[in-house]
Structures are given as C-alpha cells and as structure tokens.
Amino acid sequence: MTKVRRQPVAISIPDRRDAALTLGPALLVFAFGFLSPLINLAIESLKEFTPGRVGSVENAAATVQNYYELANQAFASVLLTTFWIGGVAAIIGQLVAFPLAYFIVRRISPRMRTLTLGFLITLVLSSVLIKTYAIELTFGSVGIFRPFLLTLGLFPNSREYINIVVIAGLVHSIIPVATLTLIGAMQSIDPRLLDAAQSLGAPGWKAHLSITLPLSFPALVSSTLVSLTFAISAFVIPMVLGRGRVLFMSNVIYTRFSDIANYPSGAAISLVMLAVALAVVAVITFAQARRVSR
Amino acid sequence: MLHDMTRRRFLGSAAAAGIAGTMTGFARSAAAGSGNLTAVEWGGDVVEAMKQIAADQNAATFNWVLHQGGAGAILPKIKAVWPNVDYDYVAGWEGSFNSMVKEDWLETINPADVPNLANIPEKIIIRDGKGNIKAVPRAVGGMYFGARTDTAPIAVKTIDDLLSPDLKGAICWPGPTQSMMLQIVALALHAGGSETNMEPGWKLMTELAKSGNIGRVAVTDIDFTNSLTSGETSVGFFAEPGWAAVAKNFPVTRFTKDSNFKAFLYQSGFGVLKNRPNTKATLDFVNFAISPDMNSLYAKVAGEAPLNSKAVTPDNLKHLSFTSDEFSSFVYVPDYNAVLEQQDAWSKRWEQDIAPLL
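Residues numbered from 1 in each chain as written. Chains lettered and ligands numbered in written order. Predicted model: local features only at pLDDT ≥ 70, side-chain atom pairs only at ≥ 80, totals over all residues. Heavy atoms only, no water.

## Some details on the overall build of chain A
Here's step 1: Each helix and strand in chain A was counted, giving 12 helices and 0 strands.
Here's step 2: Listing each helix as α and each strand as β along chain A from the N terminus yields α-α-α-α-α-α-α-α-α-α-α-α.
Here's step 3: The buried share of chain A, taken over its 294 residues, is 39%.
Here's step 4: Considering only contacts within chain A whose residues lie at least 6 apart along the sequence, 72% involve residues at least 24 apart. (Helix = DSSP H or I, 4+ residues; strand = E, 2+ residues; numbered from the N terminus. Buried < 20%, exposed > 50% of the residue type's maximum accessible area, 1.4 Å probe, protein only. Contact = heavy atoms within 4.5 Å.)

## Some details on the overall build of chain B
Here's step 1: The helix and strand inventory of chain B stands at 13 helices and 11 strands.
Here's step 2: Its C-alpha atoms give chain B principal-axis dimensions of roughly 80 × 55 × 40 Å.
Here's step 3: Looking at chain B as a whole, 54% of its 358 residues are labelled buried.
Here's step 4: The contacts in chain B between residues at least 6 apart in sequence include a share of 74% that link residues at least 24 apart.
Here's step 5: Roughly 15,000 Å² of accessible area belongs to chain B as shown, and the carbon and sulfur atoms make up 54% of that amount. (Areas by Shrake-Rupley, 256 points an atom, 1.4 Å probe, with all protein chains shown as cover.)

## Description of unusual backbone geometry
Across the chain, the bulk of peptide bonds are trans and the bulk of non-glycine residues have phi less than zero.
Residue and element names in this part refer to chain B.
Here's step 1: The omega torsion of the bond from tryptophan 82 to proline 83 falls at 10°, within 30 degrees of zero and hence cis.
Here's step 2: Inspection of the secondary structure puts proline 83 in the loop between helix 3 (74-81) and strand 3 (89-92).
Here's step 3: Phi at aspartate 104 takes a positive value of approximately 60°, unusual for a residue other than glycine.
Here's step 4: Judged by relative accessible area, aspartate 104 falls into the partly exposed class, the value being 42%.
Here's step 5: Phi at serine 179 is positive, roughly 55°, even though this residue is not glycine.
Here's step 6: Its place among the elements puts serine 179 in the loop between strand 5 (171-174) and helix 5 (182-190).

## What to know about the interface of chain A and chain B
Here's step 1: Taken together, the contacts link 33 residues of chain A with 32 residues of chain B.
Here's step 2: In total, chain A and chain B occlude about 2,700 Å² of area from one another, counting both sides; carbon and sulfur atoms represent 52% of this.
Here's step 3: For the pair chain A and chain B, the interface holds 5 salt bridges.
Here's step 4: Residue glutamate 232 of chain B is joined to arginine 243 of chain A by a salt bridge in which the shortest nitrogen-to-oxygen separation is 3.9 Å.
Here's step 5: The interface formed by chain A and chain B includes 13 residue pairs in polar contact (both at pLDDT 80 or more).
Here's step 6: For the side of chain A that touches chain B, the secondary structure elements donating two or more residues are helix 10 (236-241), helix 11 (249-259) and helix 12 (263-293) of chain A.
Here's step 7: It is helix 11 of chain A that provides the largest number of residues to the side of chain A that touches chain B, a total of 7 residues.
Here's step 8: Considered class by class, the residues forming the side of chain A that touches chain B number 14 nonpolar, 11 polar and 8 charged. (Buried area = accessible area lost by both parts, 1.4 Å probe. Salt bridge = Lys/Arg side-chain N within 4 Å of Asp/Glu carboxyl O. Polar contact = N/O pair within 3.5 Å; in protein donor to acceptor, adjacent residues only side chain to side chain. Nonpolar A, V, L, I, M, F, W, Y, C, P; charged D, E, K, R; others polar.)

## Topic: the pattern of salt bridges
Side chains that differ in sign of charge can pair as their charged atoms come close.
Residue and element names in this part refer to chain B.
Here's step 1: Taken as a whole and judged by the stated rule, the model has 22 salt bridges over all chains.
Here's step 2: The salt bridge partner of aspartate 45 is lysine 248, with a shortest N-O separation of 2.9 Å. You can see aspartate 45 sitting in helix 2 (residues 44-55) and its partner lysine 248 sitting in the loop between helix 8 (240-247) and strand 8 (252-254), a full 203 residues away along the chain.
Here's step 3: Overall, the relative accessible area of 28% leaves aspartate 45 in the partly exposed class.

## A closer look at the environment of phenylalanine 145 of chain A
Residues and elements named next belong to chain A.
Here's step 1: Tracing the sequence through the fold places phenylalanine 145 in the loop between helix 5 (128-139) and helix 6 (146-151).
Here's step 2: Through-space distance from the C-alpha of phenylalanine 145 to that of alanine 19 is 56 Å; in sequence the pair is 126 residues apart.
Here's step 3: Those residues in contact with phenylalanine 145, other than ones at most four positions away along the chain, are Thr138 and Phe139.

## Looking at the environment of valine 85 of chain B
All names here are of chain B.
Here's step 1: Inspection of the secondary structure assignment puts valine 85 in the loop between helix 3 and strand 3.
Here's step 2: Each C-alpha atom, one on valine 85 and one on arginine 276, is 7.4 Å from the other, the two residues being 191 residues apart in sequence.
Here's step 3: Ignoring any residue separated from it by four or fewer positions in sequence, one finds valine 85 in contact with Ile78, Leu273, Lys274 and Arg276.

## Overview of the side chain of threonine 256 of chain B
Residue and element names in this part refer to chain B.
Here's step 1: Looking at where threonine 256 falls in the secondary structure, it is placed in the loop between strand 8 and strand 9 (263-272).
Here's step 2: Looking at threonine 256, its side chain comes within polar contact range of the main-chain oxygen of histidine 319, at 3.0 Å.
Here's step 3: In this structure, threonine 256 is in contact with Tyr144, Ala263, His319, Phe322 and Phe330, ignoring residues within four places of it in sequence.

## Observations concerning the nonpolar core
Residues and elements named next belong to chain B.
Here's step 1: Within the largest apolar cluster, 61 residues are counted, with the highest numbers of intra-cluster contacts made by Phe145, Leu162, Trp173, Leu182, Trp202, Met205 and Trp350.
Here's step 2: The element contributing the most residues to this core is helix 5, with 7 residues.
Here's step 3: Apart from the residues lying within four places of it in its own chain, the contact partners of tryptophan 202 are Met181, Ile184, Trp346, Arg349, Trp350 and Ile354.
Here's step 4: Ranked by size, the runner-up nonpolar core spans 50 residues in total, among them Ala218, Val246, Ala305 and Leu317. (Core = buried A, V, L, I, M, F, W, Y, C linked by side-chain atoms within 4.5 Å.)

## A word on helix 6 (residues 199-211) of chain B
Residues and elements named next belong to chain B.
Here's step 1: Counted at 1.5 Å a residue, the expected span for helix 6 with its 13 residues is 18 Å, and the 18 Å between its end C-alpha atoms agrees.
Here's step 2: Taken together, the buried positions of helix 6 are occupied by Pro200, Gly201, Trp202, Leu204, Met205, Leu208, Ala209 and Ser211.
Here's step 3: Against strand 5, helix 5, strand 6 (214-218) and helix 13 (343-354) lie the buried residues of helix 6.
Here's step 4: Glycine 212, located one to two residues past helix 6, shows a positive phi value of around 80°. (Expected span 1.5 Å × (residues − 1).)

## Digging into the environment of leucine 320 of chain B
Here's step 1: Looking at where leucine 320 of chain B falls in the secondary structure, it is placed in the loop between strand 10 (305-306) and helix 11 (324-330).
Here's step 2: Setting aside anything within four residues of it in sequence, one finds leucine 320 of chain B in contact with Val140, Gly141, Gly142, Tyr144, Glu240, Leu265 and Ala305 of chain B.

The following block contains the structure:
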C-alpha cells in the first residue's frame, strides 16, 4: 500500500490576513488570560518565601529551593495518587461512554436522541458540588447504601473505599462529557460498513472490534485526554469525597496559595503539575499520531 | 435596528454610556463614603449576630462577605489587590491578625476613636512591635477536644484514649490548615513538648494517623459539623462555633475544664483595613458592636464569650469562663507568632509524614 504524503500548501497573503483576523482574538485572550499569569507564576516560583508573610516579600531573593523541596517521596506520592485515580476514572468513563454513545446514535429514535442529548448537556452544566454531595449522601460513610456496603464487607472508613468513592465521583462527571465527545465520531461512521460485515458472517462483537472501534479510535483518544485532564485537575471532588484523606495536586496547590500563603511553593507545584500533565498529553497524542501515520 | 447605526450615532451612544458609567462610579464612591461598609465575617451564627447588631444602628449599611475556609484564606485575596482593598473590616483572630500586622495592612486604632475598648482586657489586645493597637477584640472562643456523648464508642478521658482501637474511624481531625495546627500543639503538650518543641506532637500524630481512628480530616468548619452531626465521627478537636453547632441538637462533652486536655483560647475581633474611605464609619460601628449590650447580644447569638467586662456571659458559655486557677490549669496560650512562622513547615510536614498514613 502506497503512503499518501501531504504536500505543503502555499498560503496566500489574503489567507494570512484572514488567519490573523480569525485567530487574533483568541490569541489575544490566550496571551492576556493564560500566558501572562503563567509568566507571573514562573517568576513567583523562583522567589524565596519568608515564613509568616503573605506570599513573597518585595525584593525577595531568587531561589530554586521551591522546586528542590518537591523532590521527595511525599510529593511523588501525591502526584501518583492524582494520576492513578484520575487515570482509572478516565478509563472507566470511556468504557461506559463508548457503548452509551453508540446506543444513542444507532439504537434510539431521533426524538429520544434529542431528549438524551439534552439530558447529557444538563448533566455537564449542572453543579459539580451538587453531584458530588449527592454521591456523598448515597455512598458516603453515612449514606443510604451504608448497610449494603457493610454486608459486602466494605468498611466505609477504609482508604480503599474512599478511593473508590472519589473515582465514582470523577466518573460521574466524566461520562456525560465523554459521551458527547464520542457521539460526533459515532455519527460519522457509515452504518452500512457494520451491516456489510455482519451480512458476510462476522459476529456482532467482531464487527464492532474491527470497524466501530478502529474508526472511532481518534475520538476515543481525544475523549480520554479530555477526561484525564478533567480528572487530574479536579478539586472539589477529591476534597469532598476524599474526606481530607485523599490529596490531589490541586488540593495541595490550594493549601499552599490560600491557607498558608506560600505563593512561591504553590507556583512551583502548579508549574510542575502543568509540565507533567502536558507531558502525559503529549505522549498520548504523539503515540496516536504515529499510529495514524503507519 | 442595527443597520440604522451610523458612526456618529455609535460615537454618541458610546459617549453616553461612558458618562453613565462614570456617574455610576461617582455614585458608588459617594455611597462608599456615606457609611456603606463591606465587612468580612464568619458564616452561620456569627454573621447572624453581626446582622442583628447592624440592624440596631442606622449609621452604616453593610455588604457582608463571608470567610471561605480558614481565617488565612482571606489573606491572598487582600494581597492580590493591595493597596486597593475592598473590605472595610475583616473579622479574624490572632492567626490572621498577626499576618496582617506583618503586612502593615491594618489601621492603628486610637483608643479615643473606640471608647468601649476601655472595657476590654488590656492583655488580649493585639499590638504591633511599636505598641500600637492593631485590632479590636470582641469575644473569646475556644479550640478544644470534645466528643458527641451519644455516639462515642468509648468515654474519652485522656489524649491517649484517642489511640484506642474502639475509636476506629470515629475521630474527626482538623486539616493541616485549620486552627493553625494547634491540635498538634495539643498533642505536643500532652507528650511533654510545646509549640517550639513539636517533635513529641508529631510522634503522637503519626501514631494517631497509623491507628486508623481518623475517619475524616475536616478541611472546613462545615466538614466538622456535618461529620459530627451525621454520626460519621464522634470525637474531635475544633473551634467553639463548630462544637456549638453540633451541641444544638446532640449531647456534647467539652474537655475545656479537664486537666488531661488543654484548651486554646482565641480572640475574635475586628481588623480595620487601611486605604478605605470609610475608616471613621467603620470605627464607629466597631465601637458600637463592642458596647456592653451589643457584646452581650453577640455572645448570645454567635456563641462566643463576650470580652466587654460589662457584657453578660450566657449560661451556655460557662465552659469558656475560667477563674484564675482554672485558667492556669486548663488553658494554654501559645506564642502565636511562633505558631504563625511555623505554619509553612508544619503544613509540609503534614503532607510528607501524616497524609500518606491516613
């Protein structure tokens, strides 16, 4: 099979002007709303903190101590907790959202599809706090399922159980976002391909594995990335459902900035978190791009 | 309509909008200068008490802003906009006031501007290094160990009982940014240390974390109240308003007059911020709020013992009223500056040594 190589396309001056006009507002917002605070954060992270003060003092000495002190097992442990709980939630979210998106696109009437889409959008827009407390009241240590959990041998105060509840909270928020992301991809798959495979004798599961899954794979990767990014940056869900015992990076960053007013340390942690998150996203995106180019 | 818009009309509209905006700004400034105060208060019964006090006077009207999280959480918000701060006064305690004094955010209080300050015990007033008064105390609250008597699996008699296997998951422990970590100072005191010798406290804290007895780490006062009232946990260390909220509906034993525990007293008061146009109106209100009648009202509604010597202490706050002998036996007053300067190190120590064990 011959590879189709993309040829560079010359962009004319009017095209460039159009590009500048269309991208300009977004770039401007990005520069002021994201880049400049990020630069401030980077500068703050290199300042020395005086205990007892609020943030760094004027003319504080430059230091890399705020980064150096992150090189310990406790910080690695918080980072690991954030990524493994967030990763598990993102994967479970896809396992639920993928068949759900297929069902919505292929198995229900247009009227029901509209209603279902409306319901999913409502779930996305509804308050995370309300959803989180709903889970707490249902599965928390005094939730209505407590007797049921005890009969299953699950001690509601155990760390394992708390981890499960945090994952449940994240999955609850991920499913509607992931489903909406995947619905577009499902709609673009020609249903006749599946019909043809099955009419030629392929069992349903095999037809899905060889047609639906590969064709929606790029969307699945995008949905996983969106879900993972949401999960690892979650703040309220681990704070409420984790009962103060599950620490995510966002909780540590909040503590540094808001409660002990150590801005330089909070800034250093924020930047390390950003770098790690970008690295993970880059690796997944790169792997996906390589897979497509093969 | 939009296609009728000419450049001249557009410029005219823009000018009109600009004038209207400026006039609104002037009006707002005028309102700000005429006794419209923005106050940062605690939620629940405390702000309710302050609203009742505000309703008893006509000189000032209020925009109430509530603290979110610990008292220190307001500091970054002020720092972010300083010197253009939006708050006329901030309710706080030693923890947050000492930080504000270091940042030089607080007005110096002239006793002549707040005559009722004469009835407040001199030794509790916060001053800067030059002896200037920097905050006006209004009440005394406590941070102490206690238990919900009807649900506690055992009768807790000493701090060592917190390690009992019978208390599995039954303790609600304040998060590392609550109460300035005086809960660990309490452990240190029990084990022979103090706020300047915390190793015994950290050792005991490690044992407590390993025991599995901490069912919830409360990162807000509501966390604490919810945990105790729902029956999730039964034993804890928290500030007076948290215990008062639980005690409204359930029997609570407070270890404030028990030689096996130490209670920490804190002053709740007003920090008047610099660079505001309403300083006089703010000080007038502060003076009114600590008058005997209003201080009695505050104590009754907010559940903190009044500091004005002429105010009435309600019966339900007797556990916070100490004779001299009781004070020396049961109350510990830490060096708050030493505590403040170690918050950063203690918070990191919590993350490194304690959090992984929970």
